[in-house]
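Descriptive analysis of the structure
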Amino acid sequence: MTTFTVFDQNDSSRIYGRGLSAVEAMREILTYDGRQFEIRTVEEKPYTHYDLWSKDLNSGWSKTVVGSWADTRAEAEQEIAQSVIDAGWDRHPEAMLDADFDEMIARIDAENEE
């Protein structure tokens, strides 16, 4: 199974989670600051699609630009999670594969030793 590390973009020593699935990593990215999110099913016969919605502490729900036309909700959650991980939004935690994160930290450590 592919696993991710979620960390602060400005301080890689501040880790929000390791060994996370894509959906778990998405949850960390979207809720680190108290926001809520949900994936809503939209029926538009003959099709169904799924939209990511977000709500912060001071406002109502708003639709994001992230969504999926996958055949099942489980597939849509995976696709939406990967879109969130790939987005790299400012002022949000970042996620990368655990192995890539480990390599990045090893490279930083090696540079600091020089």
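The following refers to the structure shown. (Residues numbered from 1 in each chain as written. Predicted model: local features only at pLDDT ≥ 70, side-chain atom pairs only at ≥ 80, totals over all residues. Heavy atoms only, no water.)

The subject of this paragraph is the environment of Arg-91. Within the secondary structure layout, Arg-91 lies in the loop between helix H2 (73-87) and strand S6 (94-97). Counting along the chain gives 82 residues from Arg-91 to Gln-9, while the straight-line C-alpha distance between them is 7.7 Å. (Helix = DSSP H or I, 4+ residues; strand = E, 2+ residues; numbered from the N terminus.)

Bringing H2 into the picture now. End to end, H2 covers 21 Å across 15 residues, agreeing with the expected 21 Å (1.5 Å per residue, within 8%). Among all positions in H2, only Ala-76, Ile-80, Ala-81, Val-84 and Ile-85 are buried. In this structure, the buried residues of H2 make contact with strand S1 (4-8), helix H1 (22-31), strand S3 (36-44), strand S4 (47-55), strand S5 (62-68) and S6. (Expected span 1.5 Å × (residues − 1). Buried < 20%, exposed > 50% of the residue type's maximum accessible area, 1.4 Å probe, protein only. Contact = heavy atoms within 4.5 Å.)

Reading across from one edge, S2-S1-S6 is the order of the 3 strands in this open sheet, with antiparallel pairing throughout. At either margin of the open sheet sits one strand with a lone partner, and together these are strand S2 (11-20) and S6. The mean angle between the axes of side-by-side strands here comes to 30°, regardless of whether they run parallel or antiparallel. Note that S1 and S2 share 4 bridges and pair antiparallel. Counterpart to Phe-4 in the pairing with S2 is Leu-20. (Pairing = 2+ DSSP bridges. Axes fitted to C-alpha atoms, helices over the stretch in contact; angles between N-to-C directions.)

Moving on: H1. Within the span of H1, buried status applies to Ala-22, Val-23, Ala-25, Met-26, Ile-29 and Leu-30. Each buried residue of H1 sits inside an arc of 155° when the element is viewed along its axis, so together they form one side. If you follow the buried residues of H1, they end up packed against S1, S2, S3, S4, H2 and S6. (Arc of directions from axis to C-beta.)

What the 3 strands build is an open sheet, ordered S3-S4-S5; its pairing is antiparallel. Only two strands of the sheet have a single neighbouring strand rather than two, namely S3 and S5. Shown here is a sheet whose adjacent strand axes are inclined to one another by a mean of 35°, direction ignored. Contacts between H1 and the sheet are confined to S3 and S4, with S3 contributing the most and set at about 115° to the helix. Contacts between H2 and the sheet are confined to S3, S4 and S5, with S5 contributing the most and set at about 110° to the helix.

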